[in-house]
Amino acid sequence: MKALISVSDKTGIVEFAKELEKSGVEIISTGGTYKKLKEEGVKAIEISELTGFPECLDGRVKTLHPKVHAGILAIRSNENHMKQLKELDVDTIDFVVVNLYPFKQTILKDGVKREEAVENIDIGGPTMLRSAAKNYQDVAVITDPSDYEKVLTELKENGQVSLDTKFYLMQKVFEHTANYDAMICKYIKEQRNDESFPNELTLTYEKVQDMRYGENPHQKGALYKEIGKCTGSLTIAEQLNGKELSFNNINDTNGALELLKEFDEPTVVACKHGNPCGVGSGDNIYSAWTKAFNADKTSIFGGIVVANREITVDVAKEMKEIFLEVIVAPSYEKEALELLQTKKNLRVLLLPDITVKQPENSYDIKKINGGIIVQTIDSKLLDSYEVVTNRKPTEQELEDMMFTWKIVKYVKSNGIALGKNKQSIGIGPGQVNRIWATEQSVAHAEELIEKGITKGAVLASDAFFPFADCVEAAHKAGITAIIQPGGSIRDQESIDKCNEYGISMIFTGMRHFRH
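Procedures and definitions
- Residues numbered from 1 in each chain as written.
- Predicted model: local features only at pLDDT ≥ 70, side-chain atom pairs only at ≥ 80, totals over all residues.
- Heavy atoms only, no water.
- Helix = DSSP H or I, 4+ residues; strand = E, 2+ residues; numbered from the N terminus.
- Contact = heavy atoms within 4.5 Å.
- Salt bridge = Lys/Arg side-chain N within 4 Å of Asp/Glu carboxyl O.
- Pairing = 2+ DSSP bridges.
- Phe/Tyr/Trp six-rings, centres within 6.5 Å; stacked < 30°, edge-to-face > 60°.
- Buried < 20%, exposed > 50% of the residue type's maximum accessible area, 1.4 Å probe, protein only.
- Lys NZ or Arg CZ within 6 Å of the ring centre and 35° of its normal.
- Axes fitted to C-alpha atoms, helices over the stretch in contact; angles between N-to-C directions.
- Parallel < 35°, antiparallel > 145°, perpendicular 65-115°, else oblique.
- Left-handed = near helix turned anticlockwise from the far one by under 90°.

Another aspect to go through is the environment of Leu169. Its place among the elements puts Leu169 in helix H10 (residues 163–191). Expressed as a C-alpha distance, the spacing of Leu169 and Ala477, which sit 308 residues apart in the sequence, is 65 Å. When sequence neighbours within four positions are dropped, the list of residues in contact with Leu169 reads Ala140, Val141, Ile142, Asp147 and Val151.

In structure tokens, the structure reads:
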């Protein structure tokens, strides 16, 4: 038996090769792998001894040879194949151990040049892997060092690798090469600044972890991350305390983080079931926390809290007294972290670059039956705004309108958000008509905070008012300013009603549906 070994990731390869030798397998190798094996006492032969042709073109050509691929691809049970091998003086190769040039590691280096990236596109490796995988009945192909032990165990116990294991290894190969090619394609697309949607879309992600279950206990779940640094992403947050994150934890926390990234000043966002339930901005993180907590003391129970400043002891003391699922912050005071860690199930995450946003050309992807729908992320807040009423907003109203506009962008449609003094005071998410969302946000404000809290508040709507009924409800609640996209054929009715009641209204010209 013969094994061809050519690996970029040399984890465990010396030990694996030595065990193959003990089982009577002859080792063939290439380049740096050959050198490493020889240094460690493995009796490997160089690929050029097999092919009778030297490596050339700076190593670009070494395994692309009939003696390699015929030895891999020959079907052992095919008499004609075996007869041809004998006539051509070609030996069979029974194990192919290959992993590819470090393309990912290369493109992630700061300042890497295109020439270096292209030079790290493997050609011979994928070709050998695909050849061996195609002939899986006769060849064991290993691309992942974690499979070495499994192969060795079967070889020692049975004298061969089982067909089922070879089929499993075949699957691993095509997962690996598909991932590799998708990375290369993505890199080239980015280099060309190509923002079009391709005719054929192939996406690749790396698994971070399996989950106990998905959205519900009867569903399976796993977390994957994009290839790259993923700065500011929950996928690279460091967990400092608590149970494993669940599917719902991750989904809800991601929504909270995306809202948080809209703010520069100290801000805290509390989230429940994918919707914000309390948002506060202040001069410091304690002030922001107090506003977010007081916005909805009921819904925050069992919720997610994210902050864009260090969690201080005074904040941690109050967080500790309520039931929270997840806390994420860029840093924690030592005593604050120790306090939070006394709650063994509380998931405490560290994300230093918490304010870094996704690239604007990132994809937002939703699964539908039989396919996916893809769009670029909603990266804009607004380009400009227009005051459409007789009364212009005061400076305080305008500040609160911008604050509340950020919030409503992340409220499920139909969505309404009320804000006052940089605090959310009422949120009406996911209603099937806009008046219900408006009435709900007002009712929540008066129930959860205090009667009359809406007087002097502002209202933000994620899409236009189809009728003037929302303005009527806002006036009844004492709301003095409204921010909305505009664009309805009945806009003038809402403008006239605002003028009648002395409400200031601005149009953004940009809606933020969130389905």
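Before going further, it helps to examine the pattern of salt bridges. Evaluated as defined, the whole model comprises 27 salt bridges. Lys2 serves as the salt-bridge partner of Glu26, at 3.3 Å between the closest nitrogen and oxygen. Within this pair, whereas Glu26 is found in strand E2 (residues 26–29), its partner Lys2 is found in strand E1 (residues 2–7), the two being separated by 24 residues in sequence. Across the pair Glu190 and Lys186 runs a salt bridge, and its minimum N-O distance is 2.6 Å. Taken as a pair, Glu190 and Lys186 lie in helix H10 at a separation of 4 residues, close to a single helical turn. Sharing partners across several salt bridges, the network here consists of Lys2, Glu26 and Asp91.

To continue, consider the sheet that holds E1. With parallel pairing, 5 strands are arranged side by side in an open sheet as E3-E2-E1-E4-E5. Both edges of this open sheet fall to strand E3 (45–46) and strand E5 (140–142), since each of them pairs with a single strand only. Note that strand E4 (residues 95–99) and E5 share 3 bridges and pair parallel. Bridge pairing in E5 places Phe95 opposite Ala140.

Read from one edge of the open sheet, 6 strands run E16-E21-E20-E19-E17-E18, paired in mixed fashion. For this open sheet the edge positions go to strand E16 (386–387) and strand E18 (424–428), each flanked by a neighbour on one side alone. As paired strands, strand E17 (residues 416–419) and E18 are joined by 4 bridges and run antiparallel to one another. Across the sheet, residue Ala417 finds its bridge partner in E18, namely Ile427.

Turning our eyes to something else, we now look at the side chain of Asn120. Mapped onto the fold, Asn120 is located in the loop between helix H7 (114–119) and helix H8 (124–134). When neighbours within four sequence positions are excluded, Asn120 is seen to be in contact with Tyr101, Pro102, Phe103, Thr106 and Tyr180.

Below, the discussion takes up the packing of aromatic side chains. Counted under the stated rule, the structure contains 8 aromatic pairs. Their ring planes at 10° and their centres at 4.3 Å tell us that Phe16 and Tyr148 sit as a pair that is stacked. One end of the pair, Phe16, is in helix H1 (residues 13–22); the other, Tyr148, is in helix H9 (residues 148–158), with 132 residues separating them in the sequence. Under the relative-accessibility criterion, Phe16 is labelled buried at 1%. Their ring planes at 65° and their centres at 6.2 Å tell us that Phe103 and Tyr180 sit as a pair that is edge-to-face. Taken together, the residues Phe103 in helix H6 (residues 103–107) and Tyr180 in helix H10 connect sequence positions 77 residues apart. Residue class for Phe103 comes out buried when judged on its relative accessible area of 1%. Judged by relative accessible area, Tyr180 falls into the buried class, the value being 4%. Here the aromatic cluster, defined as three or more aromatic residues joined through ring pairs, consists of Phe103, Tyr180 and Tyr187. Seen from the ring of Tyr168, Lys150 lies directly overhead, with NZ or CZ sitting 6.0 Å from the centre.

Quick look at the packing of helix H17 (residues 469–477) against helix H18 (residues 491–501) now. In contact at an axis separation of 9 Å, H17 and H18 are set at 20° when each is read in the N-to-C sense. Considered as vectors, H17 and H18 are oriented roughly parallel to each other. Of the two elements, H17 crosses H18, and the hand of that crossing is right-handed. Between H17 and H18, the contacting residues are Val471, Glu472 and His475 on the first element and Ser494, Lys497, Cys498 and Tyr501 on the second.

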